[in-house]
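# Structural features, examined
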Amino acid sequence: MKRYLLIVLLFVVGCAAWVKVGGLYKSKPHNFSVELPSGWMRLNTRDRLYITRDGVLLQNIMIERLNIEKPLEHTKKKFSKDMLPQEVAEVVLDNISADQTVLNFEVVENIPARISGFPGFKVVFTYKNKDGLKLKSISYGFVTNEWFYGIRYTAAHRYYFDKDLKTFERVFESFKLIKIA
Amino acid sequence: MRYTALTLLSCLILAGCATTQLAPVTTGDFIFEDDEKRLWLRAEEEQDVLNNSGLIYEDEELDVYLKEIAKKIQPPEVFEHIPFEIKVIESPYLNAFAFPTGVIYLHTGILARMDNEAQLATLLAHEMIHSTHRHAVKQFRNIKNMTAFLATVQVTIGTLGVYGDIASLLGTIGTLGAVTGYSRKHETEADMEGLKRIVEAGYDPAEAPKLFMHLKEELEEEKRKEPFFFGTHPRLKERIQNCETFLETEYRGQRGGIKNSETFLKKIDKLILDNACLDLKLGRFKIAERGAAKYLSIGGNDPKAYCLLGEICRQRDEEGDREKAEEYYQRAISLDPVYPDAHKGMGLIYYKENKTILAKKSLQTYLSLSPQASDRAYIEEYIRNCGEGEKQ
């Protein structure tokens, strides 16, 4: 049974295609809208949206919506409704730093932030991947009702990070929830 | 063309015939073979990746101690062939593995669970036997179809989930030692020969099965499959049984020997606390709690450990946890009134309970004791919010 499921999954993943983007993007199932930069490529997975211009391994912007009950990949900690933004940030950082393929992990900045009017966090961190490439990320996030929303920009520390930082800031500024409960 | 085909055929035949009957380096007729040299070079490359990963746990005193134990287990002439080196990896998962070069990596998680030096010696002796008995090269010679082997490794890593993380850092040789494990025959040999080594070194062999028992209990509690050190090795239960049978037959009636509990625990007490912090990051609250308690039982009162217990309870936030967290933070403050993190913990509890005056006071104390706190911006925001509607 598991084998058939794996085959079906492989087909689905195989069919998921990168599409060119630009302009307003609305995801009703994920309850958010965002302005995407022209000429970038987009890929949707169940919980996440990725956009990239130079290739996901070099630079990408990822927007995610996760149910707070959903187990995270690397930590058993979970988000909860009554968490302070600092506590939400801690869960996100623990989940990233517990991934043992994330090497030389360092938090550069961890501060409160407003995301689409919601109290949340902004963290900046650097790390190396297993091939020794140093990457830098800016991650925003917040919890509202049953959902964690995250917006993250990751790029190679040298050259690529600065190149698209302004684009990311515009994407971040345009992020809005469609329905506010 | 014909000559090329013939040469290729000869190579294939030779490769197929390469013997797996290699004498251990402990015997006089040891010859360092060509394919083994290549394997060592590759292993060194893999070690470099690990050593520069930022995952190596830095504690010079502990490193010296581990090397001393290794020297008790194997005689100096073995060190001439294999310059054993013990390194510790910052990872709370239960694992240990050896490269053929004699570099042995122990996870902080497995060290933190041990009770004494005899148990540590059991683990080191096991890993050292993999190197002295040249299990890596034997295993590689046994693998006729390397592609199939690599595919198997990839599938294994894929099913390991979070445990596969470290495997993806390692190359084929590291993965063999750390993830897939050696063949059952080689693992059993490492267990049995390892036991002989620790008995000769004067350690209490009765501690060997206890190490496995401890680990088995914890794995059962975590409801996990046996990962890594036990992954494809003989199942843990079977291993304990083998170990006990061996002790009953080969060392019948022999009890006692070096345990060195006190020395061992003193050497690893800081590691136990650091490892408990790693378990907390992973959200393994119960294990983290046990680690902090173990640290306290060794070193006595330490505000850092009480504060960690407070953090565990505050973050777990189950019924009764807030009260427990408050008790731990207060204990830390009573031991060291200028320990900043305990004040922060208290402040966050008060803040969430809307006890704004108390929250403000604790959070201000935290900032005054730790002016460079990395979370200063959050704390200042809480203090501002407390000022808006003061209660209690």
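What you see is a predicted model; the values in this text were computed from it and never measured.

## Considerations on the overall build of chain B
Regarding its fold elements, chain B presents 20 helices and three strands. Residues classed as buried in chain B amount to 43% of the 392 residues present. Within chain B, counting contacts between residues at least 6 apart in sequence, those at least 24 apart form 66% of the total.

## So, the pairing of strand β3 (residues 32-36) of chain A
Residues and elements named next belong to chain A. Judged by which residues are buried, β3 turns out to be one-sided: F32, V34 and L36 face inward and are buried, whereas S33 and E35, on the alternate face, are not. Relative to β3, strand β2 (residues 23-27) runs antiparallel, the two sharing five bridges. Looking across to β3, one finds that L24 is bridged to E35. The antiparallel pairing of β2 with β3 creates a hairpin that spans four residues between the two strands, and N31 there sits at a positive phi of about 60°. Examined bridge by bridge, β3 and strand β11 (residues 176-177) share two bridges and lie antiparallel to one another. Considered in β11, the bridge of S33 is made with K176.

## Focus on the interface of chain A and chain B
Across the contact, 18 residues belong to chain A and 18 residues belong to chain B. Looking at the side of chain A that touches chain B, the elements with two or more residues in it are α2 (85-97) and β7 (103-115) of chain A. In the side of chain A that touches chain B, the residues fall into four nonpolar, eight polar and six charged.

## Focus: the sheet that holds β11 of chain A
The strand order β2-β3-β11 (chain A) describes an open sheet built from three strands, whose pairing is antiparallel. Only two strands of the sheet have a single neighbouring strand rather than two, namely β2 and β11 of chain A.

## As for the pairing of strand β8 (residues 118-128) of chain A
Residue and element names in this part refer to chain A. For β7 and β8, the ladder comprises 10 bridges, and the chain directions are antiparallel. Each bridged residue has a counterpart across the sheet, and for L103 the counterpart in β8 is K128. Hairpin connection from β7 to β8: two residues lie between these consecutive antiparallel strands, with S116 at a positive phi of about 50°. Where β8 lies against strand β9 (residues 134-144), eight bridges are found, and the strand directions are antiparallel. Each bridged residue has a counterpart across the sheet, and for T126 the counterpart in β9 is K136. The turn linking β8 back onto β9 is made up of five residues, and G132 within it adopts a positive phi angle of 90°.

## Considerations on helix α6 (residues 117-132) of chain B
Taking 1.5 Å per residue as the helical rise, α6 of chain B with its 16 residues ought to reach 22 Å, and the 21 Å between its terminal C-alpha atoms agrees with that figure. Taking burial as the measure, the 16 residues of α6 of chain B include 16 buried ones, the bulk of the element.

## Digging into the sheet that holds strand β3 (residues 103-107) of chain B
All names here are of chain B. Within the open sheet, the three strands sit side by side as β1-β3-β2. Their pairing is mixed. Looking at the sheet topology across the chains shown, the edges are occupied by β1 (85-89) and β2 (96-98). With strand direction ignored, the average angle separating the axes of adjacent strands in the sheet is 20°. Sheet topology note: the β1/β3 ladder contains five bridges and is parallel. Along β3, the bridge assignment pairs V88 with L106.

## Focus: the confidence of the model for chain A
The pLDDT averaged across chain A works out to 90; a share of 91% of its residues lies at or above 70. In this model residues 1-12 of chain A is a low-confidence stretch, pLDDT under 50, and it forms zero contacts with partners more than four residues away in sequence or in other chains.

## Some points on the packing of helix α15 (residues 285-299) of chain B against helix α16 (residues 303-316) of chain B
Residues and elements named next belong to chain B. α16 packs onto α15 with a crossing angle of 165° between their chain directions and a minimal axis gap of 9 Å. As summarised for this structure, α15 and α16 are arranged roughly antiparallel, according to the angle between their axes. Remark: the crossing between α15 and α16 carries left-handed chirality. In this structure, α15 contributes F285, A288, E289, A292, Y295 and L296 to the contact, and α16 contributes A305, L308, L309, I312 and R316. Classifying every residue of the contact of α15 with α16 by side-chain character gives nine nonpolar, no polar and two charged.

## A look at the environment of N44 of chain A
Residues and elements named next belong to chain A. On the secondary structure map, N44 appears in strand β4 (residues 41-44). Assessed through the 18 C-beta atoms surrounding it within 10 Å, N44 is described here as partly exposed. A sequence separation of 18 residues divides N44 from M62, and the C-alpha atoms of the two residues are 9.7 Å apart.

## Looking at the packing of helix α11 (residues 184-200) of chain B against helix α13 (residues 236-249) of chain B
Residues and elements named next belong to chain B. Contact geometry for α11 and α13: axes closest at 11 Å, N-to-C directions at 35°. Here the hand of the crossing between α11 and α13 comes out right-handed. Residues T188, D191, M192 and L195 of α11 touch α13, and the partners they reach there are R239, N242, C243 and F246. Residues of the contact of α11 with α13, tallied by class, amount to four nonpolar, two polar and two charged.

## Side note on unusual backbone geometry
For residues other than glycine, phi is negative in most cases, and the peptide bonds are mostly trans. In the Ramachandran plot, N31 of chain A falls in the positive-phi region, its phi being about 60° despite a non-glycine side chain. Within the element layout of this structure, N31 of chain A appears in the loop between β2 and β3. Residue classification places N31 of chain A among the partly exposed positions, given that 18 C-beta atoms sit within 10 Å. Here the phi dihedral of R134 of chain B falls at roughly 55°; this positive angle occurs in a residue that is not glycine. As for its placement among the helices and strands, R134 of chain B is situated in the loop between α6 and α7 (135-142).

## Here we look at the nonpolar core
It is characteristic of soluble globular proteins that their nonpolar side chains tend to be buried jointly. Counting residues in hydrophobic clusters, the biggest one holds 126 residues, and the most contacted among them are V88 of chain A together with I104, A121, L124 and A292 of chain B. Among the elements that make up this core, the one with the highest residue count is α6 of chain B (eight residues). Counting residues domain by domain, this core receives three or more from each of domain 1 (20-249) and domain 2 (295-388) of chain B. Look past the residues within four positions of A121 of chain B in its chain and what remains in contact with it is I69, I73, I198, A201 and Y203 of chain B.

The rules behind the values
Residues numbered from 1 in each chain as written. Chains lettered and ligands numbered in written order. Predicted model: local features only at pLDDT ≥ 70, side-chain atom pairs only at ≥ 80, totals over all residues. Helix = DSSP H or I, 4+ residues; strand = E, 2+ residues; numbered from the N terminus. Buried ≥ 20, exposed ≤ 12 C-beta atoms within 10 Å, placed from the backbone. Contact = placed C-beta atoms within 7 Å. Pairing = 2+ DSSP bridges. Nonpolar A, V, L, I, M, F, W, Y, C, P; charged D, E, K, R; others polar. Expected span 1.5 Å × (residues − 1). Axes fitted to C-alpha atoms, helices over the stretch in contact; angles between N-to-C directions. pLDDT = per-residue confidence, 0-100. Parallel < 35°, antiparallel > 145°, perpendicular 65-115°, else oblique. Left-handed = near helix turned anticlockwise from the far one by under 90°. Core = buried A, V, L, I, M, F, W, Y, C linked by C-beta atoms within 7 Å. Domains from an automatic or database assignment.

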